Every structure is written in C-alpha cells, then in structure tokens.
Amino acid sequence: MLEMVGPSTLFHRRKHSWPPEEFITKTTLQLLDFDSAAPPPHAWRRRLNCHANILKEFTITFREAIKMVTLGIRLWSYVREEASHGRKAPIDPFTKENCKPSASQGVPLGGMGSGSISRGFRGEFKQWQITPGTCDPSPMMSNQFSIFISREGGHKKYASVLAPGQHGSLGKTRDKGISSWGWNLNGQHSTYHALFPRAWTVYDGEPDPELKISCRQISPFIPNNYRDSSLPAAVFVYTLVNTGKERAKVSLLFTWANSIGGTSHMLGGHVNEPFIGEDGVSGVLLHHKTGKGNPPVTFAISACETQNVNVTVLPCFGLSEDSSFTAKDMWDKMEKDGKFDQENFNSGPSVPSTAGDTICAAVSATAWVEAHGKCTVSFALSWSSPKVKFSKGSTYDRRYTKFYGTSPRAAVDLVHDALTHYKRWEEDIEAWQNPILRDERLPEWYKFTLFNELYFLVAGGTVWIDSASIRANGNSQLQQSDLGNSDGGVDSKDQQNNRDNCDSNGIESNGEASVTDKSNGLFVDTSHVDDDVGRFLYLEGVEYVMWNTYDVHFYASYALLMLFPKIELNIQRDFAKAVLSEDGRKVKFLAEGNLGIRKVRGAVPHDLGMHDPWNEMNAYNIHDTSKWKDLNPKFVLQVYRDFAATGDYQFGIDVWPAVRAAMEYMEQFDRDNDDLIENDGFPDQTYDTWTVHGVSAYCGCLWLAALQAAAAMALQIGDKFFAELCKNKFLNAKAALEAKLWNGTYFNYDSGASSNSKSIQTDQLAGQWYTASSGLPPIFEDSKIKSTLQKIFDFNVMKTKGGRMGAVNGMHPDGKVDETCMQSREIWTGVTYAAAATMILSGMEEQGFTTAEGIFTAGWSEEGFGYWFQTPEGWTMDGHYRSLIYMRPLAIWGMQWALSLPKAILDAPKINMMDRVHMSPRSRRFSHNSRVVTHKAKLRLAGPFLSKAFWRSFVFTSLKLLTGLHLYREDVELSKTVGDHRKEERSSGSTRRRKRLKVLGPVNFPAKPAVLSSDPETSISTQGCTCRSCVKCCENPPALNPVSGSGHVEKLGGLDAYVSGSLDSKLCVILISDDKGFEDTKPVIEAIKTKGITAIGAAGMCWGAKVVVELSKQELVQADVLLHPSFVTVDDIKGGKVPIAILGAEIDQVSPPALLKQFEEILASKPEIYPKVAHGWTVRYKTDDPDAVKAAEEAHKEMLDWFVTYVK
C-alpha cells in the first residue's frame, strides 16, 4: 500500500491498546477464527451493555452572548424566513432535535454518496440521511435482527432481539407492537468491534450459552474502486458455532419498517412486495413514497438461501393493534415455527398503507447447526434512491445508477451483488488496511482511529452523482430555482429589485454579475477526463448544512486524495471553475447586516451551496467570504499538492487560470505594498468568531505557502514570468511577516494591539503543513518551525488537561487559555490532527502522536466524552461539543500522508525561492500590466479561438473556462500550436498555406502572401507613406472567403468581418490591420456587444496598432496587443488606459527598438523585441523558414497569453 518513511521507531504506547482477548474469551476467538468471523486484532471496542450517555452541547458565555446578540437576532430572523419558504437555513442553532444525541454511534452502512443509514454499536439503525441535507437521528426500533433457537428434544428454546435492554419508545410489553418482542439480551457478554468500513458484533453465549454468534457488517467502501464504493448496500454475515452436544435449529430474523426516518412511515401510500431473485437471493422490497416532492425510495431486505439455509418472508406486518397481521403475530409465528409460510412469496404487492399506520417486512433464514458444528447465514440491505433532488428543484442521478440504472427495482440487483461479491470486497479492504494495521511503529489507538474517522465519507451527508445526468439536465437547474426567495435575509423590496434585474436564469444581466455557463450551472466539463467519476458533495457537518465547505475541506481533503484521488481532483475542478465565475444576486450578510453579492469573481467560494449546489454557491452568509483571507491561499495550496501528488499534468493545465486569478485577487489585501496580505479587523477566515487585526500568523503563513506553491506550479506549467513574480513576493512577504510577528519563540497571533495579539495559535503553521506535504521547501528556517511547534506542544497541548484533550486553539503565553471568543477557547479536532501532522513532517513524531492522542482520549476512549463515529468540530475544556458529525476530523489522514509521502511528492521538482529576478515594487504587482510568458504547456480550447484571416476589422470570439479564457488541452503542446501546417487548400483561385491548431477549432494566421484581391473596395491606401515595411504589410492582403476554414463572414457594424468561435462565448478579440479602422471599428464593437459579448481585446498589426491604441484611450476594450506597430507615438502610449503588450522587431524602420525603449519607460510591462526579425514577421513570413516560423509562433503565444490574462 503506502511506503512508510521516517525513523525506524515511532513513538507509541501500550496505553489504549485493546486486544480482543480483553473482551472475548480466547476459546470463542479460536472458534470464530475462520471466514473473517473473528474481530480483528486492531479495532475500537465496546460492550453492548455500556451506557450510552447523553452528550453535552456547548453554551456561550454571557460576554460572548452580548457580543453576538445582534447577529443572533438577524440569524433567528433568517431561519424563520427560510422556514416560511419550506427550507432549512444552513446554520440553525435554534431548532433542536427531539432525539438528544448520545454516545451510541457505530459504523454507518453503505458506500458513499447514495444516502446513508448509521447503525449504533448496540444494533439500532439510526441517523437517516436518504434525502440530501436532512438527517434524522432517531432510531427505528422495529429495524432489528433477532434470533430463535431450539435444541433437538425441544427442552431448550431461546428467542431474543439481538439488541440489549428495553428502549423508552417501545411501549408496554402487553401491546401488539414491538414491545411484545423478546428484548432479553443483557449485553454483558456481547461486544462490538469497529474497523470502518466493517464491524463485528460477537455474542459470546448470549442468549444461548452454547451458541457463539458473530455478526459481521460489511459496506463497500474500497479505495480507488469508483464503482462499488458508490453502492447503497450493506451485508450482514452471521457465523454460528454450536458448542453444545445437541443439534440446534437457528432462525435469524431481519425486520425492517417502510420508513426513511422520522415520521415518514406514517405518511401513507407505502407498499411492500416479496421477490425471489437469482442465486438463492430472496426477500422483500419496501417501496417508500416520500413527502415534500422528494424522489421515492425502495428498500430491499434479503437473505441468501443455500443447501443448509432456508429463506422465508413476511411481506407485511403492522405496528398498531388494528393491523391485520401485527408485530406480535409475527413474533409468535417465529417462536412457534421458526419461519414464515412459503406461499408468502406469491402474495404480490401489499395494499398501500394508510396515513398514520406503519408497515414493516421480515426475512427469516433458518439453518440446522450440528453439535460442535458451524454455519454461515448472510443478509443484505439496499436502498435504491436513484434521483437526488435539492430543495430548489435541481435533480440528478446518483452515481450508482451509472451501473444499475434508475429503476427503483435496482434494489434487487444491489442486494444480489452485495451477497455474491462481499468476499471480494473484504479482500480488497484487507489488502488496503493490513499494511497500516501491521506496522508495529504506529500506536494502537491511531491505527483503528485512522480508519474509523472515515465514517464521515459515508455518514457526512455525501452525495455522489453521475456526470451524464448533469449533461442530460441541460439548463433546467437555475430556471427551476425560486431565486427571488433565495436569500431570506434580504427584505421583500430588495428581493423584488433583484428579480427585476435578473434574466430568465435569475442572474443579473448587467454584464458584471453573471453565472457562467448557464447550460449547466457551474459544472466543469470533464468529458476530456479519462474515466470521469462524477461529481461529489459532502457536508461541512450535519449541523452546518453546506456542501464542500472549502476552508474545512482544506483539512479533510487528505483522505480523499489518498483514497479516491479522482474525486478530489474533480472537487478542485469545481472550485477552479467557481473562482472565475460571478453571481450578482444580492445577499444579506448577517454579522454586519450589509448587502453584497453572492459570489465575486476571483474569490474562492466558501462552499458550493445548500439548496442548489453548484448553481447557487455560498450558502454561508454570516460574513462576506469574498473578503476572507484564507480561502484563496487554501485553494492554491490544495491544487498544487494534488497536482504534485497525482502527477496529473492535464489537471494542472485545467486549473491554472483559476490559480492565477485566485492569487491576483489577493493583491487587494496588501495594504502597505510589502507583498504581505493584511486582515481587516473582523473574523475574516475559518475562525469566524475570532477577530484578526493587521497581519495574522494563520493567514500570513498560508499566503507565504501559496506564493511558493504558485511559483512552483507556474514553473511546471511554463509560466516563468508569474513564477518570478511569486518568488519576489514570497521573499518580501516572508521578511515582512517575520519582522511583524516573530517573537523569538513563535509567531504572534496577529500584529494588532489587542489583548490576544500575542496568543499562541495552534494553527499558525498551517501553510508550513502544506508546503511540507507538497514537497516544497520550508517557508521558514527549520529552527523557527521547530521552536513554534514545541511552543504549541508545551502550551496548547500539554497545558490542556495534561495533553488528554487535544490542542486548544489559543493559549496566552502565561499558560492561560485565550478566552477572547468561543473559538479561541475550543479544542478543534481537525486542527489538532493537522498540528500533529505538521509535527511529524518536522521530525517531531513523539510530540505529534501525543498531540493527536488527546483527541482519541477525549473523543473515542471509554473514559472520554462519547464522540465516536460523530466526531464534532470541537469541544470545550469541560467536554461540551459543538457541531457533531463534522468534516474536519478527516485531517487525521494528513498524519498518514506525513508518514507515507508518495514518491511523486518526494521526487517532485524542487524550487529555489532564493533564485529570483529582482523587480521593482511596481512590476511586482500581479495586476499591473504583468507580462505573461510562453507556457510550456499543452493547449486546450473549448471552441475555436482565432479568426482565419484579417482585413480591416476581423473579429474572433474566444473560448471560456468559467468566465475566463482557458488555454490548455492534451491535444497539442503550446510551443507547437501554430507550427503545425495544414495541407494546401484552394481558395478564390489562389493557393494559401495556413497554420492550424489541432484542437476543437483553428488558430490561423496568414503566412504566405495571398493573391491581391481585384476588389477595389479592398485595396490599400498607404496614406502617402513610402516606408517599405508598411507597404509590405499591406501589399498582398488575404481576401475574405466564406468557404475557407470553420468560421464565417458576416456584416458587423457595416463591415464584412470573418467571425470564428463559439456563439455562446462572452469574450471577443478584434484583429485590426488598417489605419482607417478606428472609426470603422467602433460600430463593430457596438455590434459585438449586442451579441452578448462582455469583454473585448484588440490586436493591431502595423497600422492597425494605431487604431488599437486609440481604442485603449477611450477604454472601448479591456486589453491591447501591438504587433510591429506603425505610427504609434510616445503620447499614444501615455494615453492608453488598458493593459498594453508590445511585440516589436529588431529590424524595424517604423518602430525601431529605440522607440520601444521609450514605451518601456511608460509601461509597467517591458516590450518584447524579437531578434533577427523584420517588421511584419508575425503575419508575413516564410513557412519553410524554421526560424521565422518559430518567431511567429512565439509572438502568437505571447498575444494569446496576454488576452487570457486581461480579457475577462
């Protein structure tokens, strides 16, 4: 599996080592030692008679309440507003569940993304998450396994539910419901053993002292298996060992209510139906009619009939006394006969249930177990919910439907395959887990906690959809959404104004605020990605209902990267596209009470939404996250880590424009031009109640790491100039941060003057964690890193209950907990794991494991607070939790990453941040006419990019990725883009040779002089100029020919123009070669804008450069490129108001290098002077001259890069 690195002996203790012999007798273990029936040596364990104590939720202090009273009022109002529209608010601290959370959780059932059901360690089925974004924690007590045993001779009989004790919801034992069943199990000799995705329950002589029972629960969570890991199914394998002297008849019973949790079983309209499948698999289908317009669900409960196992079913029984066949009748039947009537299989579908009644089904499997013999009985459960529907109407097919179709009856095939394939699942699971479990260097508690924290990828509200359903749905998503009521915090007048300013998709249509690619929201087209694995969502937590919360995914993403890297890359692709999008719908931010827009271009969204993910991002509305300082650096860091770890060059190419945009966006937060970002005096990062003033250790460190990652990625992509920019910024920013925050031992919390500015923050080296994880050089000297980590360990860890609770977020240097806000005084589980990972990466393994063990002790151990399989975001010093079942604790996989760095990371290209080209402060600005150099990358186009020919005004439309330009694909290397020649083609009686880009559309430049057109309207006037260079540019222009190439000729502003490119594009570039084109071009621009174009660039060759400069003066375009310009003066350049790039020739009488040097003094970007080329070399050159072709190609790439950067 993973090749471990580091020292030969890691710190570990015998403490928290739970050998199975302490829970099960050795004799029983030996008897069960076959067919994986015995629990593994490494597992989390509990006795079934353990008390499941009620968990304690956090409360805020009086001082915190005073500070948050205004926010609380606004949040309460927002929650009520959302409820009035039938929706939940993403954060609702006011509505409490009737079922109080308790320490009773266990391993959840099923694969990822198809809805989940958890099963407590005592056997109850609970935590229902079939409908996305909803979670009902209440157990359905009728869903049980039970056992009926009789010995030959009939003098020994046992009948019991295989769950301990009496439950408060069962009712009186004399009624005809489930209270009439035999709840006889004590649980004293029964134990639970969890090693996700499997769990074992061993009944060591309960209820029959002479029968040993092992129930093995198996779910298809298999790393790198993108098929089976999506399946909504689980298997329960019962192993029976008869230690008695008499043969035993054993009947196992599986009962299930037609319910998806809560009160759904009472709605009526539900139908049960028996089935007989292939290979001995038979059971009952339970067709559930959901409420509120949600898609239906079909359950299947089944068992596998073998030579020794007989399967019978009871398709329908009720829980009320009025039922025709009651729960008591069912139990009595099993006690008497040990099976149901065989003819039940022929009963057909039941009558639909009536409102208020609950119908259930049962499957029985009966076997004879010989004296001292063994027997295996297998059951399976599946739930087929093929459609996932979000509350604003978007509906998609779940991932598993790619393999099983969308019929509800797929539940039959799911249980069949589960029962016939589970042994292969187990083999794959063991092959994955054993290398870690057998590593004697690792602490015992760490081994099983590492796997058990993965429960969240099933129980964390995950949704996994099939990409084909995205394309099939087209643009219906946004149109179906009730966008006018999307923001409950905005008053009705503002909502009406929003509607008045929106187009049919609910998006502002002023050209400045729009969601890109309305055809399918913000989905990324992954049709070019091999073996597309669909789209994946998981919640921040079941209490914070936001999908793929990015500041938290920063910590959790290591698990996906290590186990399902294709899913991780697709999540990053989604956010890359989101970076370059803008959604101008108004949102009220509750902390400040101000209005803003939902999504700002260049800002990484906080999340992908709640009610309509991908289409309506940023469900979080406490703060305006476009002003947060951690999201963009976290995006850059995650992208580079994933790029380096997977070696997926295409992925790097795909997301690079978003990386650049994310970095450029952050420059606005550098208030004093020291290349270091500053915080703005409010909680503008993941700690959203913990205010930061000035420079912060957390965000500053992330920024330094992002600069380093961006530089490294730029070099590998081929964007050398951007790499140099990042290098220069990094060195300046590093010096500034150390000067402002380093105190000789650690980095102060921030550079402000508040009472907590010198606090020790556990998370202050988050950026260093990522650089070390990505194979990048450390961002600080090793001595400073180790000093800081040791300070965190000594204070935040060891002064917090002696290291038995994890690391508190903030600690004053006097050893007192920082009580500034609730988050500063909390212990965050995921942050503690992240700090431990950073310690391991820094060679401090003992401190790292001690730090993380505090989370295990407080959360998972018998002496802890009971947070197993529901690890919260954090807890207070007295153990009160906040936000159960939370994403961030997956950061424990960051520790495993640190212990097993992939070879790709260890061998990644090294970057020397000290090796840089010095730049002036002005030229270090990302956004001030920065030059984009040639990418040694591969080009991908989403549509035709440039026009075939140019004459007067030529228009070409550009492609888009998100709202930006995207230049990359595997098809062709950029350095060869224009150099690949087409075959000669006949056009208007002349022979032309053109360059062709081998992508979806052509990029063509006239190469060989065309035959002079005989049309007098197209003849060139040189305005009296006799300069040979100018004459050559115009002496033989190409003629417009509508049959040549993939574009077409059309009238624009009264001129014939050759148009090429996607009709859906919002971006456009005009090529101009005629000095008369200025006045002619303005109506062309107006005509273009009427077609929905929102951003225009202009390229001018020779005389056309003069026209382009004039357009710049009037800001009619967004960016200019001047190629071997003519008649352009210094004053022209001074008057330009948009970014200008100049590509000049060494041999040029009109614009000699000396003139271009004068332009350089005005522009922040340095004009490129191409050696050994003459005026006109970009469009008029010999195609059989390799040097001439190369120079022209380089110029074309320079021009493309410039427009990619500035035409947005």
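Criteria and thresholds
- Residues numbered from 1 in each chain as written.
- Predicted model: local features only at pLDDT ≥ 70, side-chain atom pairs only at ≥ 80, totals over all residues.
- Heavy atoms only, no water.
- Helix = DSSP H or I, 4+ residues; strand = E, 2+ residues; numbered from the N terminus.
- Buried < 20%, exposed > 50% of the residue type's maximum accessible area, 1.4 Å probe, protein only.
- Contact = heavy atoms within 4.5 Å.
- Areas by Shrake-Rupley, 256 points an atom, 1.4 Å probe, with all protein chains shown as cover.
- pLDDT = per-residue confidence, 0-100.
- Core = buried A, V, L, I, M, F, W, Y, C linked by side-chain atoms within 4.5 Å.
- Pairing = 2+ DSSP bridges.
- Polar contact = N/O pair within 3.5 Å; in protein donor to acceptor, adjacent residues only side chain to side chain.
- Axes fitted to C-alpha atoms, helices over the stretch in contact; angles between N-to-C directions.
- Salt bridge = Lys/Arg side-chain N within 4 Å of Asp/Glu carboxyl O.
- Phe/Tyr/Trp six-rings, centres within 6.5 Å; stacked < 30°, edge-to-face > 60°.
- Lys NZ or Arg CZ within 6 Å of the ring centre and 35° of its normal.
- Arc of directions from axis to C-beta.
- Parallel < 35°, antiparallel > 145°, perpendicular 65-115°, else oblique.
- Nonpolar A, V, L, I, M, F, W, Y, C, P; charged D, E, K, R; others polar.
- Left-handed = near helix turned anticlockwise from the far one by under 90°.

### Observations concerning the overall build of the chain
Then step 1. Regarding its fold elements, the chain presents 28 helices and 41 strands.
Then step 2. When each of the 1208 residues of the chain is scored for burial, the buried share is 65%.
Then step 3. Taking as baseline every contact in the chain between residues at least 6 positions apart, the subset at least 24 positions apart corresponds to 72%.
Then step 4. When the accessible surface of the chain is totalled, it reaches about 40,600 Å², and 49% of it is carbon and sulfur.

### Some points on the confidence of the model for the chain
Then step 1. Across the chain, the average pLDDT comes to 83, with 82% of residues at 70 or higher.
Then step 2. Here residues 1-14 is a poorly scored stretch, pLDDT under 50, and it has 40 contacts once near neighbours within four places are set aside; other chains count.

### As for the nonpolar core
Then step 1. Ranked by internal contacts, the top residues of the largest apolar core, which has 299 residues, are Phe-236, Phe-379, Leu-454, Phe-635 and Trp-893.
Then step 2. Sort the elements by how many residues they give to this core and helix H15 (residues 697-717) lands first, with 17 residues.
Then step 3. Apart from residues no more than four positions distant in its own chain, Phe-635 is found in contact with Tyr-550, Gln-572, Phe-575, Ala-576, Val-579, Val-604, Ala-658, Val-659 and Ala-662.
Then step 4. Residues Ile-1070, Val-1117, Ile-1140 and Leu-1156 belong to the second largest nonpolar core, which totals 32 residues.

### Description of the sheet that holds strand S28 (residues 874-875)
What holds strands together in a sheet is hydrogen bonding between their backbones, with the strands either parallel or antiparallel.
Then step 1. Strand order in the open sheet formed by three strands is S27-S28-S29, and the pairing between neighbours is antiparallel. The open sheet has two edge strands with one neighbour each: strand S27 (827-828) and strand S29 (881-882).
Then step 2. Two strands pair when backbone bridges link them, and S27 and S28 are joined in this way by two bridges, in the antiparallel orientation. Paired with Ile-827 across the bridge in S28 is Trp-875.

### A look at the side chain of Arg-882
Then step 1. Its place among the elements puts Arg-882 in strand S29.
Then step 2. One polar contact links Arg-882 to Tyr-544, side chain to side chain, over a distance of 2.9 Å.
Then step 3. At 2.8 Å, the side chain of Arg-882 forms a polar contact with the side chain of Glu-873.

### Concerning the sheet that holds strand S10 (residues 248-257)
Then step 1. Pairing within the open sheet is antiparallel, and its five strands lie in the order S5-S4-S10-S15-S14. Edge positions in the sheet fall to strand S5 (157-161) and strand S14 (309-318), since each has one partner strand and no second. Strand after strand, the sheet turns through a mean of 15° between neighbouring axes, direction not considered.
Then step 2. Summarising the sheet, strand S4 (residues 144-151) and S5 pair through five bridges and their orientation is antiparallel.

### Quick word on the pairing of strand S35 (residues 1048-1052)
Then step 1. Across five bridges, the pairing between S35 and strand S36 (residues 1055-1060) is antiparallel. Pairing of His-1048 across the sheet is with Val-1059, part of S36.
Then step 2. With antiparallel pairing between neighbouring strands as the criterion, S35 and S36 make up a hairpin whose turn holds two residues, including Gly-1053 at a positive phi of roughly 60°.

### Quick look at the environment of Tyr-544
Then step 1. Mapped onto the secondary structure, Tyr-544 falls in the loop between strand S20 (535-537) and helix H11 (550-563).
Then step 2. Accessibility expressed as a relative area gives 15% for Tyr-544, which makes it buried.
Then step 3. Spatially, the C-alpha atom of Tyr-544 lies 5.2 Å from that of Ile-91, the residues being 453 residues apart in sequence.
Then step 4. With near-sequence residues (within four places) excluded, Tyr-544 lies in contact with Pro-90, Ile-91, Glu-873, Arg-882, Ser-883 and Tyr-886.

### As for the pattern of salt bridges
Then step 1. Going through the model one piece at a time under the given rule, you end up with 54 salt bridges.
Then step 2. With a shortest N-O distance of 2.7 Å, Arg-660 and Asp-719 are connected by a salt bridge. A residue pair is termed long-range when its members are at least 10 positions apart, and Arg-660 in helix H14 (residues 649-666) and Asp-719 in the loop between H15 and helix H16 (720-741) qualify at 59 residues. Note on accessibility: Arg-660 and Asp-719 belong to one class, buried.
Then step 3. Between Lys-734 and Glu-738 there is a salt bridge, with its nearest N and O atoms 3.2 Å apart. With Lys-734 and Glu-738 both in helix H16 and four residues apart, the pair spans about one turn of that helix. Considered together, Lys-734 and Glu-738 belong to a single accessibility category, that of buried residues.
Then step 4. Through salt bridges that share partners, Arg-151, Lys-156, Asp-208 and Glu-210 make up one connected network.

### Concerning the packing of aromatic side chains
Then step 1. Applying the stated rule across the entire model yields 73 aromatic pairs.
Then step 2. A connected cluster of aromatic rings, assembled from ring pairs, spans Trp-44, Phe-121, Tyr-192, Tyr-455, Phe-456, Trp-464, Phe-536, Tyr-538, Trp-860, Trp-868 and Phe-869.
Then step 3. Its guanidinium or amino end placed over the ring of Tyr-558, Arg-641 lies 4.5 Å from that ring's centre, counting from NZ or CZ.
Then step 4. Here Arg-888 stacks its cationic end above the ring of Tyr-555, 4.8 Å away from the centre of that ring.

### Observations regarding unusual backbone geometry
Then step 1. In this model, Phe-196 is joined to Pro-197 through a cis peptide bond whose omega is 10°.
Then step 2. Position of Pro-197 among the secondary structure elements: in the loop between strand S6 (190-195) and strand S7 (198-204).
Then step 3. Its identity is not glycine, yet Asp-675 carries a phi of approximately 70°, on the positive side.
Then step 4. A relative accessible area of 3% places Asp-675 in the buried class.
Then step 5. Positive phi, normally seen in glycine, also occurs at Glu-1115, with a value near 55°.
Then step 6. Relative to the elements of secondary structure, Glu-1115 occurs in the loop between helix H25 (1104-1113) and strand S39 (1119-1123).
Then step 7. Look at Glu-1115 and you get partly exposed, because its relative accessible area is 48%.

### Describing helix H27 (residues 1153-1162)
Then step 1. Listed in full, the buried residues belonging to H27 are Leu-1155, Leu-1156 and Phe-1159. Angularly, the buried residues of H27 cover 100° about the axis, an arc narrow enough to put them on a single face. Exposed residues on H27 whose side chains face more than 90 degrees from its buried face are Ala-1154 and Glu-1161.
Then step 2. Check the buried side of H27 and you find it contacts helix H26 (1130-1135), strand S40 (1140-1147) and strand S41 (1168-1174).

### Re the environment of Ala-837
Then step 1. Of note, Ala-837 is situated in helix H19 (residues 829-841).
Then step 2. Along the backbone, Ala-837 and Ala-772 are 65 residues apart, and their C-alpha atoms lie at a distance of 9.9 Å.
Then step 3. When near neighbours in sequence (up to four residues on either side) are disregarded, Ala-837 contacts Trp-769, Gly-894, Met-895 and Ala-898.

### Concerning the environment of Lys-727
Then step 1. Tracing the backbone shows Lys-727 in helix H16.
Then step 2. Sequence separation between Lys-727 and Gln-708 is 19 residues, and the spatial gap between their C-alpha atoms is 6.9 Å.

### Section: the packing of H11 against helix H12 (residues 565-579)
Then step 1. The N-to-C vectors of H11 and H12 enclose an angle of 150°; their axes lie 7 Å apart at closest approach. Here H11 is positioned roughly antiparallel relative to H12, judged by the angle of their axes. Seen from H11, the contacting residues are Tyr-550, His-553, Ser-557, Leu-560, Leu-561 and Leu-563; seen from H12, they are Pro-565, Ile-567, Glu-568, Ile-571, Gln-572 and Phe-575.
Then step 2. Taken together, the residues that form the contact of H11 with H12 break down as eight nonpolar, three polar and one charged.

### With respect to the pairing of strand S3 (residues 125-129)
Then step 1. S3 sits mainly inside the fold: five of its five residues count as buried.
Then step 2. Taken together, the three bridges between strand S2 (residues 116-119) and S3 define a ladder with antiparallel strand orientation. In the sheet register, Ser-118 faces S3, and the bridge partner there is Lys-126.
Then step 3. Between S2 and S3, which pair antiparallel one after the other, the connecting turn spans five residues, and Gly-123 there sits at a positive phi close to 110°.

### Observations regarding the side chain of Gln-761
Then step 1. Relative to the helices and strands, Gln-761 resides in strand S25 (residues 760-761).
Then step 2. Once you skip the residues sitting within four places of it in the chain, Gln-761 turns out to touch Tyr-687, Trp-690, Tyr-698, Tyr-749, Ile-792, Asn-796 and Asn-809.

### A word on the packing of helix H13 (residues 631-646) against H14
Geometrically, a packed helix pair is captured by the angle between its two axes and the distance between the axes.
Then step 1. Between H13 and H14, whose axes approach to 9 Å, the crossing angle comes to 160°. Our classification of the angle between H13 and H14 gives roughly antiparallel. Both H13 and H14 take part in a crossing whose hand is left-handed. Along its contact with H13, which presents Asn-632, Pro-633, Phe-635, Val-636, Val-639, Asp-642 and Phe-643, the element H14 presents Tyr-649, Phe-651, Gly-652, Val-655, Ala-658, Val-659, Ala-662, Met-663, Tyr-665 and Met-666.
Then step 2. Partitioned by chemical class, the residues of the contact of H13 with H14 number 14 nonpolar, two polar and one charged.

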